[in-house]
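Next come the chains, spelled out residue by residue.
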Amino acid sequence: MRFGVLSTANIGVESVIPGIVASEHEVGAIASRDVSRAESVAERHDIPETYGSYEALLDDDGLDAVYIPLPNGLHAEWVRKAADAGLHVLCEKTLTENAEETRAVFDYCADRGVTLMEGFMYRFHPLTERAAEIVETELGEVRNVTSTFTFRLPDGAEDIRIDPDLAGGSVMDVGCYAVSAARLFLGNPERAYGVTNDKRDCGVETEMTGVLEYENGATARLQSGFETPLTQYYRVETTDGWLRAEPTFDIGVENPTQLTYAVDGEEETESFDATDHYRLEVEHFADSVEASEEPRVGRDESVDIMRIIDALYESGDDGQPVALD
């Protein structure tokens, strides 16, 4: 599969483009509104074509798919434009600004016969796959999940992640991972309660604490933020044990990692070699396209994650729990 990349965003340049290059697929073109930036990235990664506009890249007949690492608020527009060009789409999280728009872009892509996948790369790491397997097959009933992703954004930073016009906010940037993990281990909640805080007076929340409540009485506790040092982990509590992993989401591709779990008091630790989960994400996406199958992170998962995020924001605004339909 031959990818085009829309923008020279850091996540693409440092992580996803190397993942594509390491796979059996290739990057055929990159576009930036500053063509000199596209040329610099192209030289670094040996990309044959550069464009000074996103529209020009979408007109490249030699491409099969696009990877979109644009700011959240621009995703829906460029997913649609890529679909109009007949290109399959791997788009960074969060896919859109709300659940209604997420449903709409999946419908749009389906109508045009192209595959759309949201880029939750951690779902393809062997750590995540094994954690899900252990919880499903070796541990008892899940009663609580705690999931956290925070990091310290420098004071005074001018950053798209705190720009309300581009759908910024800690939940949209890193809290979505915590929501995804809670859904992975517990499914969809009945109610969500969120507390949000705009510590920087920037127009988006820079801290969020959330609680998800489930029909059987189970709960999930979530945290995201730009105000405290890097922390990324989840812990799953069950009727007969527990599982914990750290780090869990943004694991360096050159870094080994591990998880620990206990069943009836017997503790085990499993280690995982360094893994390029961006490469695995790209390979899964391409395989799904070739087989005309829905990707692992498909429509239902992406819509459900955004439904939960919508509820957390609504609750944060009015201070009341919000029921999910």
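Residues numbered from 1 in each chain as written. Predicted model: local features only at pLDDT ≥ 70, side-chain atom pairs only at ≥ 80, totals over all residues. Heavy atoms only, no water.

### Thoughts on the overall build of the protein chain
So, point 1. Tallying secondary structure elements over the protein chain gives nine helices and 15 strands in all.
So, point 2. Taken against the 2.2 N^0.38 rule, which gives 20 Å for 325 residues, the C-alpha radius of gyration of the protein chain at 20 Å falls within 12% of a compact globule.
So, point 3. Partitioning the contacts of the protein chain with sequence separation of at least 6, the portion at a separation of at least 24 is 66%.
So, point 4. Carbon and sulfur atoms provide 40% of the accessible area of the protein chain, an area that totals close to 13800 Å².
So, point 5. For the protein chain, the distance from the average position of its 25 positive side-chain charges to the average position of its 67 negative side-chain charges is 3 Å. (Helix = DSSP H or I, 4+ residues; strand = E, 2+ residues; numbered from the N terminus. Rg over C-alpha atoms; globule rule 2.2 N^0.38 Å. Contact = heavy atoms within 4.5 Å. Areas by Shrake-Rupley, 256 points an atom, 1.4 Å probe, with all protein chains shown as cover. Lys, Arg positive; Asp, Glu negative; His and termini not counted. Charge placed at Lys NZ, Arg CZ, Asp CG, Glu CD.)

### Regarding the layout of surface pockets
So, point 1. Taken as a whole, the largest pocket spans an internal volume of roughly 1200 Å³.
So, point 2. Lining the largest pocket we find 43 residues, and of these A9, N10, I11, I160 and R161 sit closest to its centre.
So, point 3. A total of five residues in the lining of the largest pocket trace back to one element, the largest contributor, which is helix 1 (residues 10-22).
So, point 4. Here the residues of the lining of the largest pocket sort into 21 nonpolar, ten polar and twelve charged. (1 Å grid on protein atoms, 1.4 Å probe; cavity = no way out; pocket = protein on both sides within 12 Å on 5 of 7 lines; lining within 4 Å. Points joined across faces, edges and corners; volume = space filled by probe spheres on them. Nonpolar A, V, L, I, M, F, W, Y, C, P; charged D, E, K, R; others polar.)

### Some words on the pairing of strand 11 (residues 231-238)
If a strand is regular, its side chains alternate between the two faces of the sheet.
So, point 1. In the sheet, strand 7 (residues 142-150) pairs with strand 11 via eight bridges, with the strands oriented antiparallel. Across the sheet, the residue bridging to S147 is Y234, located in strand 11.
So, point 2. Judged from the five bridges that link them, strand 11 and strand 12 (residues 241-245) form a sheet pairing that is antiparallel. Paired with V236 across the two strands is L243, which belongs to strand 12.
So, point 3. Between strand 11 and strand 12, which pair antiparallel in sequence order, lie two residues. (Pairing = 2+ DSSP bridges.)

### Points about the sheet that holds strand 1 (residues 2-6)
So, point 1. Ordered by their spatial adjacency, six strands build an open sheet running 3-2-1-4-5-6, and the pairing between neighbours is parallel. The open sheet has two free edges, formed respectively by strand 3 (49-51) and strand 6 (116-119), since each of these has just one partner strand. Direction aside, the axes of adjacent strands within the sheet are offset by 20° on average.
So, point 2. In terms of strand pairing, strand 5 (residues 88-92) meets strand 6 through four bridges, oriented parallel. For C91, the partnering residue across the bridge sits in strand 6 and is E118.
So, point 3. Relative to the sheet, helix 1 contacts strand 1, strand 2 (26-31), strand 4 (65-68) and strand 5, its axis offset from that of strand 2 by approximately 155°. (Axes fitted to C-alpha atoms, helices over the stretch in contact; angles between N-to-C directions.)

### A closer look at the environment of E92
So, point 1. The topology assignment puts E92 in strand 5.
So, point 2. With near-sequence residues (within four places) excluded, E92 lies in contact with I11, V16, Y67, I68, P69, H75, E118 and G119.
So, point 3. At 2.8 Å, the side chain of E92 and the side chain of Y67 are in polar contact. (Polar contact = N/O pair within 3.5 Å; in protein donor to acceptor, adjacent residues only side chain to side chain.)

### Details of the sheet that holds strand 10 (residues 219-225)
So, point 1. The sheet built from nine strands is open, its strands ordered 14-13-12-11-7-10-9-8-15 with mixed pairing. In the strand order of this sheet, the two ends are held by strand 14 (266-272) and strand 15 (322-323), each with one partner.
So, point 2. Two elements, strand 13 (residues 257-263) and strand 14, share seven bridges in a ladder whose sense is antiparallel. Pairing of A262 across the sheet is with E267, part of strand 14.
So, point 3. Along the sheet, helix 6 (residues 126-137) contacts strand 7, strand 11, strand 12, strand 13 and strand 14; its crossing angle with strand 13, the most-contacted strand, is approximately 5°.
So, point 4. Across the sheet, helix 9 (residues 299-318) is in contact with strand 8 (191-197), strand 9 (207-213), strand 10 and strand 15; its angle to strand 8 comes to roughly 60°.

### Focus: the packing of helix 7 (residues 170-186) against helix 9
So, point 1. The contact between helix 7 and helix 9 brings their axes to 10 Å, and the two run at 115°. The two elements helix 7 and helix 9 meet at a crossing, and its hand is right-handed. The residues of helix 9 that touch helix 7, namely those facing V171, M172, C176, V179, S180 and R183, are D300, E301, D304, I305, M306, I308, I309, L312 and Y313.
So, point 2. For the contact of helix 7 with helix 9, the residue count by class is ten nonpolar, one polar and four charged. (Left-handed = near helix turned anticlockwise from the far one by under 90°.)

### Overview of the side chain of R183
So, point 1. When you line up the elements, R183 lands in helix 7.
So, point 2. Polar contacts involving the side chain of R183 include one to the side chain of N188, which spans 3.3 Å.
So, point 3. Beyond its immediate chain neighbours, meaning those up to four positions away, R183 contacts N188, D300, E301, D304 and I305.

### So, the nonpolar core
So, point 1. Counting residues in each nonpolar core, the largest one holds 76 residues, and the members touching the most others are L212, L222, Y234, L243 and L259.
So, point 2. Top element by residues in this core is helix 7. It accounts for eleven residues.
So, point 3. Other than its neighbours up to four places away in sequence, L212 contacts A182, P189, R191, A192, A218, T219, A220, L222, I308 and L312.
So, point 4. In terms of nonpolar packing, the next biggest core, distinct from the first, is built from 27 residues, Y51, L63, A76 and L116 among them. (Core = buried A, V, L, I, M, F, W, Y, C linked by side-chain atoms within 4.5 Å. Buried < 20%, exposed > 50% of the residue type's maximum accessible area, 1.4 Å probe, protein only.)

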